[in-house]
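Listed below, chain by chain, are the residues.
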Amino acid sequence: MAPPKTHPDSRSVADVVPTDAYAPHDRVWVYRDGQWRAGIVYEASSHAATVICRSPTARGTEVEIRTARYVARRDLIDLSIDALSYV
């Protein structure tokens, strides 16, 4: 599945998966700084998901906390983030 083409605030409620439906290690798209980026779920609750994603401006990764509207399921494998051994 390609990243969503819409801004998170424009997503249909039917397209938004509740964050507690995600489990650690799930592949997701994370919306940050105006773009959808590949990420991995670290932890999730009914309120938000903690995700790890590759930083676009620096070496390494970033940890983000996002509500359901800013996270979407990802089927595509992205070796830059999916190959991390500590996830």
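It should be noted that the structure appears before, not after, this text.
From a predicted model like this one, the values you see are computed outputs, not experimental measurements.

## What to know about the pattern of salt bridges
Alright, step 1. A complete count under the given rule lists seven salt bridges for this structure.
Alright, step 2. Measuring nitrogen to oxygen at the nearest pair gives 3.7 Å for the salt bridge that ties Asp26 to Arg73. One end of the pair, Asp26, is in the segment before strand E1 (27-32); the other, Arg73, is in strand E5 (residues 71-73), and 47 residues separate them in sequence.
Alright, step 3. On the basis of relative accessible area, Asp26 is assigned to the partly exposed category, the value being 21%.
Alright, step 4. Where salt bridges share partners, they join Arg32, Asp33, Arg37, Glu62, Glu64 and Arg66 into one cluster.

## A short note on the sheet that holds E5
Sheet strands pair by backbone hydrogen bonding; their relative direction is either parallel or antiparallel.
Alright, step 1. With antiparallel pairing, five strands are arranged side by side in an open sheet as E4-E3-E2-E1-E5. Each having just a single partner strand, strand E4 (61-66) and E5 make up the two edges of the open sheet. Within the sheet, the average angular offset between the axes of one strand and its neighbour, ignoring direction, is 40°.

The rules we used
- Residues numbered from 1 in each chain as written.
- Predicted model: local features only at pLDDT ≥ 70, side-chain atom pairs only at ≥ 80, totals over all residues.
- Heavy atoms only, no water.
- Salt bridge = Lys/Arg side-chain N within 4 Å of Asp/Glu carboxyl O.
- Helix = DSSP H or I, 4+ residues; strand = E, 2+ residues; numbered from the N terminus.
- Buried < 20%, exposed > 50% of the residue type's maximum accessible area, 1.4 Å probe, protein only.
- Pairing = 2+ DSSP bridges.
- Axes fitted to C-alpha atoms, helices over the stretch in contact; angles between N-to-C directions.

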